[in-house]
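A closer look at the structure
So the chains spell out like this:
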Amino acid sequence: MRVVISLDELRLERRKLHPPIGLVPTMGYLHEGHLSLVRQARRECKSVVVSIFVNPTQFGPQEDLKKYPRDLERDIKLLEPEGVDVVWTPGNEVMYPGGYQTWVTVEEVTQGLEGAMRPGHFRGVATVVAKLFNAVQPQRAYFGQKDAQQSVVIRQMARDLDFPVEIIVCPTVREADGLAMSSRNVYLSPTERNSALVLSQALFRAREAFDAGTHDADQLRQLVMDTLASEPAVKVQYVSCAQADTLQELHGAVERAVLSLAATIGRTRLIDNIFL
Ligand code: AMP
């Protein structure tokens, strides 16, 4: 496993790799969710590249860029046994050298949900992922269902800008008690960690209701809200029941949907979703 920093080094290593190349973009502080993407890439591709870059342009001015958890040494130790070929850890000076001024803006699918709560977030995400795709030129790129809107945005961008890459979305990995794994979970105090359980519980409860015949989108949203309301420490930002591929909000009876939510617990913002 080679660990490279500069674009020149990355390109040099890239030339030695056999296709298909699978790229797993991450912001580091790796957990089993990230590793599940790496493992799927390892199974499906001849070569695997993992990028680790805490992308400053996808954080709002009031967000947690400064305190975002980082531990490169630990990340490299976690990746070593996974059969990764190249780990690319560019710094800000590699990705955004002085005078940088080009941005990728995906329009409709970035309007709602995370895009509405985090202005500019998806401009940063789309831009950095476009740059990662250009540098690594993977045939496949692996993303987590955990960030449902992100995968919709990346798919749209890849289609619109003719990136010859297949976008693969992998299931959300959860802790044994249901909490979706996230690098941000380390921010939670033990009490907050306990309160955070209500997020997945609310989604699971709605799925049970759906499976038992409740297919009305408004009722499903309300069910999630009601469960979340049982935990006063949880401040809800949105609950959505939307079409999975367009993220258009749904009303009335639905056969398929993605139920998603965002909430803060103390100073930590968490998101989660499930497919119905
Ligand atoms: P991040 O480092 O948070 O930017 O995440 C890097 C990639 O890992 C993204 O495609 C995420 O959607 C994915 N990911 C994060 N958490 C999970 C999880 N719990 N299960 C599956 N994928 C995840």
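Remember, it's a predicted structure, so these values are computed and weren't measured experimentally. Each chain has its residues counted from 1, running along the sequence as written. Under the rules for a predicted model, residues below a pLDDT of 70 receive no local features and side-chain atom pairs below 80 are neither given nor counted, while totals for whole chains, interfaces and linings still include all residues. In computing side-chain properties, one takes all heavy atoms of the structure into account and sets aside hydrogens as well as water.

Moving on: helix α9 (residues 217-229). Spacing of three or four residues puts side chains on the same side of an α-helix, whose turn is 3.6 residues. Counting from the N terminus, the helices are the DSSP runs of H or I reaching at least four residues and the strands are the DSSP runs of E reaching at least two. Given a helix with a known number of residues, its expected span is that number minus one, times 1.5 Å. Along its 13 residues, α9 runs 18 Å from first to last C-alpha, staying within 8% of the 18 Å computed at 1.5 Å per residue. By the burial criterion, the buried members of α9 are A217, L220, R221, L223, V224, T227 and L228. All buried residues of α9 lie within an arc of 155 degrees about the axis, which places them on one face of the element. Any two residues whose heavy atoms approach within 4.5 Å are treated as being in contact. Among the structural elements, α8 (190-211), β7 (234-242) and β8 (258-265) are those in contact with the buried residues of α9. The cut-offs for exposure are 20% and 50% of the maximum accessible area for each residue type, with area from a 1.4 Å probe on protein chains only; residues under the lower value are buried, those over the upper are exposed, and the others partly exposed. Directions pointing from the helix axis toward each C-beta atom define the arc.

In this section: the site of the ligand. Note on definitions. A residue lies near a molecule or strand when any single heavy atom of the residue is within 4 Å of it. Around the ligand sit 17 residues, and of these M27, H34, D147, V173 and M181 come closest. H34 is positioned with one of its side-chain polar atoms (N or O) 2.9 Å from an oxygen atom of the ligand. The contact in question runs from an oxygen atom of the ligand to an N or O atom on the side chain of D147, over 2.6 Å. With residues, only the protein chains shown are counted as cover, and all accessible areas are computed by Shrake-Rupley using a 1.4 Å probe. Surface burial for the ligand is 92%, taken as the share of its 490 Å² of free accessible area covered by protein chains. Of all elements in the fold, only β2 (21-26), α2 (32-44) and β5 (140-144) reach the threshold of two or more residues within the shell around the ligand. The greatest single-element share of the shell around the ligand, amounting to three residues, is contributed by α2. Each polar contact in these results corresponds to two N or O atoms within 3.5 Å; when the atoms are within protein, one needs to be able to donate a hydrogen and the other to accept it, and residues that are neighboring in sequence are counted only if both atoms are side-chain atoms.

Here the axes come from fitting lines to C-alpha atoms, over the contacting stretch only for helices, and the angles between their N-to-C directions go from 0 to 180 degrees. Where α8 meets α9, the closest approach of the two axes is 9 Å, and the angle between their N-to-C directions is 145 degrees. Between α8 and α9 lies a crossing of right-handed hand. Across from V198, L199, Q201, A202, R205, A206, A209 and F210 in α8, the residues of α9 making contact are L220, L223, V224, T227 and L228. In this scheme the handedness of a crossing depends on how the near helix is turned from the far one: anticlockwise by less than a right angle means left-handed, clockwise means right-handed.

On to the packing of aromatic side chains. Here a pair means two rings of Phe, Tyr or Trp (six-membered ring of Trp) with centres within 6.5 Å. Their orientation is stacked below 30 degrees between planes, edge-to-face above 60, and tilted elsewhere. On inspection of all chains with the given rule, the structure shows seven aromatic pairs. For the ring pair F59 and Y68, a centre distance of 5.7 Å and an interplane angle of 80 degrees mean the geometry is edge-to-face. Since its relative accessible area comes to 10%, F59 is described here as buried. Taking relative accessible area as the criterion, Y68 reaches 7% and is therefore assigned buried. Seen from their ring centres, Y96 and W103 are 6.0 Å apart, and the 25 degrees between their planes marks the pair as stacked.

Further remarks concern unusual backbone geometry. A cis amide bond links P19 to the next residue, P20, at an omega of -5 degrees. Relative to the elements of secondary structure, P20 occurs in the loop between α1 (7-16) and β2. For Y29, which is not a glycine, the phi torsion comes out positive at approximately 50 degrees. Following the sequence through the fold, Y29 ends up in the loop between β2 and α2. Y29 gets classed as partly exposed once you look at its relative accessible area, which sits at 22%. Of note, Q137 is a non-glycine position whose phi angle comes to about 45 degrees, a positive value. Relative to the elements of secondary structure, Q137 occurs in the loop between α6 (121-136) and β5. Given a relative accessible area of 48%, Q137 falls into the partly exposed group.

Now for the nonpolar core. For the purposes of this section, nonpolar cores are sets of buried Ala, Val, Leu, Ile, Met, Phe, Trp, Tyr and Cys residues that join through side-chain atoms within 4.5 Å. Formed by 41 residues in total, the largest nonpolar core has its most connected members in W88, V129, F133, M157 and I167. Elements that contribute at least two residues to this core include exactly β2, β4 (86-88), α6, β5, α7 (148-160), β7 and β8. The dominant element in this core, judged by the number of residues it contributes, is α6, at 10 residues. Ignoring anything within four residues of it in the chain, the contact list for V129 reads F143, I154 and M157. Membership of the second largest hydrophobic core comes to 27 residues, among which are A206, V239, A263 and L270.

The subject of this paragraph is α6. Between its terminal C-alpha atoms α6 stretches 22 Å, which fits the 22 Å expected from 16 residues at 1.5 Å a residue. With respect to burial, α6 is a largely interior element, 13 of its 16 residues being buried. Positioned one or two residues after α6, Q137 has a phi angle of 45 degrees, which is positive.

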